[in-house]
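Coordinate analysis (summary)
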Amino acid sequence: MGLFDFLKGSNPVDKHAARVANKRAQAVDRWESIKKLSNDKTPAAVQALLVRFTYRIDPSITDQEEKDAAFAGVVGAGEVAVEPVCAFLRRADSIAIPLRILEQLVPADRVTDELLRLLADMDTEYERDPERKIQVLSSLEQRQRSEIAAAVLRFLGDMNETARFHAVGALLAQSGLDDAAHQALFDALLKEESVRTRARILGGLAELGDAVPNALRPEVKSKLTDGFAMDPKSGAIRRA
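Keep in mind that what you see is a predicted model, and the values were worked out from it rather than measured. (Residues numbered from 1 in each chain as written. Predicted model: local features only at pLDDT ≥ 70, side-chain atom pairs only at ≥ 80, totals over all residues. Heavy atoms only, no water.)

1. Notes on the packing of aromatic side chains
The final tally for this structure, using the stated rule, is zero aromatic pairs. Of note, arginine 196 hangs over the ring of phenylalanine 165, and the distance from its end group to the ring centre comes to 4.2 Å. The ring of phenylalanine 165 has arginine 200 sitting right over it, with the charged end atom 4.3 Å from the ring centre. (Phe/Tyr/Trp six-rings, centres within 6.5 Å; stacked < 30°, edge-to-face > 60°. Lys NZ or Arg CZ within 6 Å of the ring centre and 35° of its normal.)

Given below as structure tokens:
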């Protein structure tokens, strides 16, 4: 069943689901339906409330009040809301809201599982709107799990510079990086044209205390940005 297919059904929440999905409905009617659905606490009601995050209305204060109420209604459904929220996370144009909701419903490890599942289905090629991928990588910067390093390595070579920037951040946020991760950072540095992403890699290498392999030192030296230097004896990256 599609995310919003329940709107076509005949379950008891149909009327309220249709109102919440209709941005042209009267605000007072939509508000009443948000309250009714919040009290229902069923998967269908949760799905109906999640639809409210897919559009905006004027005035903005009404839009925010309705979304705040829908947010509270979904969170208030507790365990019942987990699967509908995960489904919404996988399909939404932006993961920001469903991610915030999920963080209220499940332990941090379950949230990380969902983010890694999303990332596994993404690729590193050019795409017109890479925002979802960037949001996932950015979110992984705030988390530590043994699987994260391996999952983000390929995004060091993403076509989008912002994705690469956050992939570097997510990698460096992990402890106990293995040799493959250290080598990947050197490889990424040599290929990287963006000054800010090179600076982020250099900052990480400085924190890690990695010595640049002899064979790479001339190339790495050419990639140093302002604020970084290479120790002439040890080959370690230092903050200038």
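2. Observations regarding helix H2 (residues 27-40)
A rise of 1.5 Å per residue sets the reference length of H2, with its 14 residues, at 20 Å; its end C-alpha atoms lie 20 Å apart and thus fit the reference within 8%. Of the residues making up H2, those classed as buried are Arg30, Ser33, Ile34, Leu37 and Ser38. Axial view of H2: buried residues confined to an arc of 140°, hence all on one face. The exposed residues of H2 that point more than 90 degrees off its buried face are Val28 and Asn39. Lining the buried residues of H2 we find helix H1 (14-21), helix H3 (43-51) and helix H4 (60-76). Looking one or two residues past H2, lysine 41 carries a phi angle of roughly 55°, positive in sign. (Helix = DSSP H or I, 4+ residues; strand = E, 2+ residues; numbered from the N terminus. Expected span 1.5 Å × (residues − 1). Buried < 20%, exposed > 50% of the residue type's maximum accessible area, 1.4 Å probe, protein only. Arc of directions from axis to C-beta. Contact = heavy atoms within 4.5 Å.)

3. Some thoughts on the side chain of histidine 166
Here histidine 166 lies in helix H10 (residues 161-172). If we skip the residues at most four places from it in the chain, histidine 166 touches Ile134, Leu137, Ser138, Glu141 and Arg200.

4. A few points about the packing of H3 against helix H5 (residues 82-91)
With their axes 9 Å apart at the nearest point, H3 and H5 run at an angle of 35° to one another. Crossing handedness for the pair H3 and H5: right-handed. Residues Pro43, Val46, Gln47 and Leu50 of H3 lie in contact with H5, whose contacting residues are Pro84, Val85 and Phe88. For the contact of H3 with H5, a count of residues per class yields six nonpolar, one polar and no charged. (Axes fitted to C-alpha atoms, helices over the stretch in contact; angles between N-to-C directions. Left-handed = near helix turned anticlockwise from the far one by under 90°. Nonpolar A, V, L, I, M, F, W, Y, C, P; charged D, E, K, R; others polar.)

5. Let's talk about the nonpolar core
Counting residues in hydrophobic clusters, the biggest one holds 68 residues, and the most contacted among them are Leu140, Val220 and Ile237. Those residues in contact with leucine 140 that lie beyond four places of it in its chain are Thr112, Leu115, Leu116, Leu119, Ile148, Val152, Ala170 and Gln174. (Core = buried A, V, L, I, M, F, W, Y, C linked by side-chain atoms within 4.5 Å.)

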